[in-house]
Amino acid sequence: MNEIQKYTQDHQVDAIVLAAVVQATGKLNGYPVHVHRCSEGNHPWYCSSPYCEDVNVNPVLSCQNHGGKPTIQRGMEPWRGGNR
């Protein structure tokens, strides 16, 4: 028999919705996405930066919630004057 799973915390629901959208579309905020694994929390996190190193070679990268640096996004490149 299937049990009903209740999610009471907003971040749990947000994470489930985000994962469903990324899996269905392959995009995050309209851009192609890839997945890193956080070195601190050991959880996957989605990244839409076109400037990441090859994720297959170096799949572990700390997320911002666990002290990682923000990734560079299109239009916010430091060499073009964008703030990180």
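The model shown is predicted, which means the values in this text are computed figures rather than measured ones.

A.B. asks: Which parts of the structure should I look at to understand the overall build of the protein?
C.D. replies: The helix and strand tally for the protein stands at one helix and four strands. Traced from its N-terminal end to its C-terminal end, the protein shows the element sequence α-β-β-β-β. Looking at the protein as a whole, 20% of its 84 residues are labelled buried. Here the contacts in the protein between residues at least 6 apart in sequence split such that 22% fall between residues at least 24 apart.

A.B. asks: Help me out: how do you make sense of the pairing of strand β4 (residues 44-47) in this one?
C.D. replies: For a regular strand, side chains alternate in direction, first toward one face of the sheet and then toward the other. On β4, burial follows the alternation: Trp45 and Cys47 on one face are buried, whereas Pro44 and Tyr46 on the facing-out side are not. In the sheet, strand β3 (residues 34-37) pairs with β4 via four bridges, with the strands oriented antiparallel. Residue pairing in the sheet places Arg37 in a bridge with Pro44 of β4.

A.B. asks: Hey, could you run me through a nonpolar patch on the surface in this one?
C.D. replies: On the surface, Val13, Val17 and Val21 cluster together into a nonpolar patch covering about 220 Å² of accessible area. Position of Val13 relative to the elements: it lies in helix α1 (residues 10-25).

A.B. asks: How should I be thinking about the pattern of salt bridges in this particular structure?
C.D. replies: When their charged atoms lie close together, side chains carrying opposite charge are able to pair. If you walk through the whole model with that rule in mind, you get one salt bridge. A salt bridge links Arg80 to Glu77; the nearest nitrogen and oxygen atoms lie 3.7 Å apart. You can call Arg80 exposed: its relative accessible area is 63%.

A.B. asks: Just checking my understanding: could you explain unusual backbone geometry for this structure?
C.D. replies: Glycine aside, residues mostly have negative phi angles, and peptide bonds mostly take the trans form. Backbone geometry at Asn29 places phi at a positive 55 degrees, although glycine is not the residue there. Within the secondary structure, Asn29 is located in the loop between β1 (27-28) and β2 (31-32).

A.B. asks: Before we go on, may I ask you to explain the packing of aromatic side chains in this structure?
C.D. replies: Aromatic rings in a pair are described by how distant their centres are and how their planes are angled relative to each other. Inspection of the entire model under this criterion finds one aromatic pair. Residues Tyr51 and Trp79 carry aromatic rings whose centres are separated by 5.2 Å and whose planes lie at 90 degrees to one another, so their mutual orientation is edge-to-face. Separated by 28 residues along the polypeptide, Tyr51 in the segment after β4 and Trp79 in the segment after β4 bring together distant segments of the chain.

What counts as what
- Residues numbered from 1 in each chain as written.
- Predicted model: local features only at pLDDT ≥ 70, side-chain atom pairs only at ≥ 80, totals over all residues.
- Heavy atoms only, no water.
- Helix = DSSP H or I, 4+ residues; strand = E, 2+ residues; numbered from the N terminus.
- Buried < 20%, exposed > 50% of the residue type's maximum accessible area, 1.4 Å probe, protein only.
- Contact = heavy atoms within 4.5 Å.
- Pairing = 2+ DSSP bridges.
- Patch = residues over 30% accessible without salt bridge, like charges linked within 9 Å, V, L, I, M, F, W, Y side chains within 5 Å.
- Areas by Shrake-Rupley, 256 points an atom, 1.4 Å probe, with all protein chains shown as cover.
- Salt bridge = Lys/Arg side-chain N within 4 Å of Asp/Glu carboxyl O.
- Phe/Tyr/Trp six-rings, centres within 6.5 Å; stacked < 30°, edge-to-face > 60°.

That's the geometry; what it means functionally is another story.
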